[in-house]
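Here's the letter readout for the chains.
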Amino acid sequence: MTLIATAGHVDHGKTSLVEALTGTNTDRLEEEKRRGLTIDLGFAHSTGSAGEVLSFIDVPGHIRFLRNMLAGVGGIDMCLLVVDAREGWMPQTQEHFDILRLLGVQHGVVALTKCDLLSEAEREDARLLVEMQLEDTFLSDAPIVETSIHDESSIELLRQKILSIVHAPRQIKSRPRIWIDRVFSLTGVGTVVTGTLLDASLTVGADITILPAGHKGRIRQLHSHNHELETSEPGSRVAVNVHGISHNDINRGDVLVLPEQWMLSNTLDVELHALPYLAHSITRRGHFLMYIGSDEVEVSLRLIQAESIAPGTTAKARLYLQHPIAVAPQDKFILRETGRDETVAGGIVLDIDPVLRLTKADPQYDVQHLLDERGMMNTNELFLRTGVQATPTVDDVIFSSAMLTAAKAEVFHMLNSQSSLASELQGIDLVGLPDHLAQAARTFRPEEAVIENGRLYLPELAPSQKQTHPLVQEFIDALFTPPDPNAFDRALLRRLVQEGHLLNLDGIFFASHTLDRAHAVVKDLLTQHPDGITTSAFREAANTTRKYAVPLLEALDARGITRRRGDLRITGPRL
Ligand SMILES: Nc1nc2c(ncn2[C@@H]2O[C@H](COP(=O)(O)OP(=O)(O)OP(=O)(O)O)[C@@H](O)[C@H]2O)c(=O)[nH]1
Ligand SMILES: [Mg+2]
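Rules used in this analysis
Residues numbered from 1 in each chain as written. Chains lettered and ligands numbered in written order. Predicted model: local features only at pLDDT ≥ 70, side-chain atom pairs only at ≥ 80, totals over all residues. Helix = DSSP H or I, 4+ residues; strand = E, 2+ residues; numbered from the N terminus. Rg over C-alpha atoms; globule rule 2.2 N^0.38 Å. Buried ≥ 20, exposed ≤ 12 C-beta atoms within 10 Å, placed from the backbone. Pairing = 2+ DSSP bridges. Axes fitted to C-alpha atoms, helices over the stretch in contact; angles between N-to-C directions. Contact = placed C-beta atoms within 7 Å. Domains from an automatic or database assignment. Near = placed C-beta within 6 Å. Nonpolar A, V, L, I, M, F, W, Y, C, P; charged D, E, K, R; others polar. Parallel < 35°, antiparallel > 145°, perpendicular 65-115°, else oblique. Left-handed = near helix turned anticlockwise from the far one by under 90°. Core = buried A, V, L, I, M, F, W, Y, C linked by C-beta atoms within 7 Å. Expected span 1.5 Å × (residues − 1).

As for the overall build of the protein
Broken down by element type, the protein carries 15 helices and 30 strands. Scaling as 2.2 N^0.38, a compact globule of 575 residues should have a C-alpha radius of gyration of about 25 Å, whereas the protein reaches 33 Å, well beyond that. For the C-alpha atoms alone, the extent of the protein along its principal axes is close to 115 × 55 × 40 Å. Evaluated residue by residue, the protein yields a buried proportion of 39% over its 575 residues.

Pasting the structure below:
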């Protein structure tokens, strides 16, 4: 399927040309028919003899409906630039052309329309003038076809030229999305949304969410050009029958995505390219509208390391959006200034919900740069921000190399200074460390430091490296019902605690690994009883008495593995 959007000044013949190519008149609104003017997007397609589908999005040319034009041109493969051979290149031809260029459209065909009304010499002049406009642009090599809706051979020639354009295959990404451009309800079917499926495929039965509102639903049916499908591929126009959401709760500009894959943000760091022939520079003053996907958002603008952007130049900026949106770095958009009613710049998203203050910001899109600015992220956060699935440094955390080096040095320093204090308990309890240090501690090589029973040791000081006292085995064997400590020498017990073999929980001694075992028992119980468990449930599962069950549970509370709620223990943040 090739997705083609029309472009061009009002009345230049876009809708007529799409009708000639497909047999469908897309001006379906009553007002459109009456005024002979396109107001909203039109959709039509034709299927060639070899099965090739040309899918057209017909846009309005009138400046008042530019918002609708912008909603239609995201994610297209090519454009059909329409120029009335009598009128030539007009202001909306230029604006549409700029928008397509700024959005990164690479291919197109130019139609010189209404050629039946001109002499051959006039047509030749018209062609020369258009060629001049296209020089050194993405359309400089595009075919220019002289057309008339009254001359079928010219329409066939145009179709052949469109088919001859080879566009690059779509880049497949990890997260599917549809910028919604139409929403309606069909009797007996329910809510239907339409748009261009981008980045990845979608399948019937999938749970979906509509952002930014967060409504949840399911895909009941998928249609593409009147065919019902099980799975739709990126780059196709789709109609999605959504179960579970009223059409009143969905608007153009919303995005249909899979749940838990996107982050909403109303602050974006971006790169802006100012149009070359603006009569003024772009500054923070003025009212701006951002057009991204099918959405229109009011934004305020702050430039990064610049006072203004001169026409034809590029600068970075921070945009504060009036409503949050779900976008990804590298998404392209258009910026218009409402006061002057003109398109001023194209942009590309670099960072979502940036962490650095405006005065310190230096946004760039690359995963390493995002990580360097943040120090560490968990893999899910990186995925929500970028769609990139990265390999974690440890557990589910990714460190920047600077942060990892610094954190390891800090932990190592703690280990060394602590091991010189012979009276202290040896090793460091990882639970007591801030998260980033605890995670960094897990990346030590065995010759640097080792973790045993939740504590970090210099290798030579690890309990396993020491001769175990026979008493320790007795505690290990007894597990949740340890021997009475009064039977043993106090000094010996204290030494075994210092060396990390035993734990002292309020005067009751357990073998060190007992807490890990208690953790496992509790986890198992909480899986069966997610609402919480009582002390006696734990006591029974651990086959011990209340005297031992209580200190073990309290130690688990202290480590964040469980939390108290009334008489119950519920899942804690570190279970
Ligand atoms: N003689 C002649 N008239 C044409 C041709 N193509 C379009 N027209 C006429 O030009 C007028 C405008 O055509 P549309 O197709 O509505 O133009 P448009 O570009 O879609 O206009 P907007 O959508 O409002 O921007 C209509 O009256 C058409 O009949 C052509 O090839 N020859
Ligand atoms: Mg039209």
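So much for the structure itself; the text now carries on.
Focus: the sheet that holds strand β6 (residues 144-146)
Spatial strand order, β2-β3-β1-β4-β5-β6: 6 strands in an open sheet with mixed pairing. Taken across any chain shown, the strands that pair with only one partner, and hence form the sheet edges, are β2 (42-47) and β6. Geometrically, the sheet is characterised by an average inter-axis angle of 25° between neighbouring strands, direction not taken into account. Relative to strand β4 (residues 78-84), strand β1 (residues 2-7) runs parallel, the two sharing 4 bridges. Within β4, the position partnered with I4 by the bridge is M78. Across the face of the sheet, helix α5 (residues 120-134) comes into contact with β4, β5 (108-113) and β6 while running at roughly 145° to β5. Sheet strands in contact with helix α6 (residues 152-164) are β1, β3 (53-58), β5 and β6, and its direction is about 165° off that of β6.

Considering unusual backbone geometry
Residues other than glycine predominantly adopt negative phi, and peptide bonds predominantly adopt the trans conformation. Looking along the chain, the bond that leaves L211 and enters P212 is cis, with omega of 10°. Looking at the secondary structure, you find P212 in the loop between β10 (207-211) and β11 (215-224). Within the chain, D353 stands out as a residue other than glycine whose phi angle is a positive 55°. Its place among the elements puts D353 in the loop between β21 (342-352) and α7 (367-374). By the C-beta count within 10 Å, which is 14 here, D353 ends up partly exposed. The backbone of N543 sits at a positive phi, close to 55°, despite the residue not being glycine. With respect to the helices and strands, the residue N543 is situated in the loop between α14 (535-542) and α15 (546-558). The exposure class of N543 is exposed, given the 10 C-beta atoms found within 10 Å.

Some remarks on the domain arrangement of the protein
Looking at the protein, the domain boundaries give domain 1 (2-164), domain 2 (177-257), domain 3 (266-354), domain 4 (402-465) and domain 5 (470-571). For domain 2 and domain 5, the distance between their C-alpha centres works out to 52 Å.

Some thoughts on the site of ligand 1
The environment of ligand 1 is made up of 21 residues, and the closest members are G13, T15, S16, T38 and G61. Among the elements that make up the shell around ligand 1, the one with the highest residue count is helix α1 (residues 14-22) (3 residues). Among the residues making up the shell around ligand 1, the classes are represented as 5 nonpolar, 12 polar and 4 charged.

With respect to the sheet that holds strand β26 (residues 455-457)
The strand order β24-β26-β25 describes an open sheet built from 3 strands, whose pairing is antiparallel. Each having just a single partner strand, β24 (428-429) and β25 (450-452) make up the two edges of the open sheet. Bridging between β25 and β26 involves 3 bridges; their strand directions are antiparallel. Bridging from a neighbouring strand, V450 pairs with Y457 of β26.

Some points on helix α8 (residues 379-386)
Because an α-helix packs 3.6 residues into every turn, residues spaced three or four apart end up facing the same way. Buried residues of α8: L384, R385 and T386, and no others. Where α8 is buried, its residues contact β21 and α7. Immediately downstream of α8, the backbone of G387 shows phi near 80°, a positive value.

What about the packing of α14 against α15?
Helix-helix packing is characterised by the crossing angle of the two axes and by the distance between the axes. Their axes nearest at 9 Å, the elements α14 and α15 cross at an angle of 110°. As summarised for this structure, α14 and α15 are arranged roughly perpendicular, according to the angle between their axes. In the crossing of α14 with α15, the sense of the turn from one axis to the other is right-handed. Only R546, A549, V550 and L553 of α15 make contact with α14, whose side of the interface consists of T535, F538, R539 and A542. Across the contact of α14 with α15, the residue classes break down as 5 nonpolar, 1 polar and 2 charged.

Some words on the pairing of strand β28 (residues 508-511)
When strand β27 (residues 502-505) meets β28, the two strands line up antiparallel, connected through 4 bridges. Paired with L502 across the bridge in β28 is A511. Where β27 hands over to β28, the hairpin turn is made up of 2 residues, of which D506 adopts a positive phi near 50°.

A look at the packing of helix α13 (residues 514-528) against α15
At a minimum axis distance of 10 Å, the contact between α13 and α15 shows a crossing angle of 85°. Relative to α15, the element α13 lies roughly perpendicular. Along its contact with α13, which presents L515, A518, H519 and V522, the element α15 presents L552, A555 and L556. A breakdown of the residues in the contact of α13 with α15 according to their chemical character gives 6 nonpolar, 1 polar and no charged.

A look at the nonpolar core
With 97 residues, the main nonpolar core has I4 and C79 as its most contacted residues. The leading source of residues in this core is β4, at 6 residues. In this view, C79 contacts I4, A5, A7, L100, V105 and G108; residues no more than four positions away in its chain are not counted. Grouped together as the second largest cluster of nonpolar side chains are 23 residues, F475, L502, L525 and Y548 included.

A look at helix α4 (residues 91-102)
Look at α4: 16 Å from first C-alpha to last across 12 residues, which is about the 16 Å you get at 1.5 Å a residue. Extensive coverage of α4 is indicated by the burial of 9 of its 12 residues. Three or more residues of α4 are buried, namely Q92, T93, E95, H96, F97, D98, I99, L100 and L102. On its buried face, α4 sits against β1, α3 (66-72), β4, β16 (265-274), β20 (332-337) and β21. Once α4 finishes, G104 follows within two positions and takes phi at roughly 85°, a positive value.

Digging into the environment of R123
Inspection of the secondary structure puts R123 in helix α5. The contact partners of R123, leaving out residues within four places of it in the chain, are A85, L112, C115, L118 and E146.

Focus: the pairing of strand β29 (residues 562-565)
In this sheet, strand β30 (residues 568-571) lies alongside β29 in antiparallel orientation, the contact comprising 4 bridges. Across the sheet, residue T562 finds its bridge partner in β30, namely T571. Turn length for the β29-β30 hairpin, with the two strands adjacent in sequence and antiparallel, is 2 residues, and the turn residue G566 shows positive phi of about 60°.

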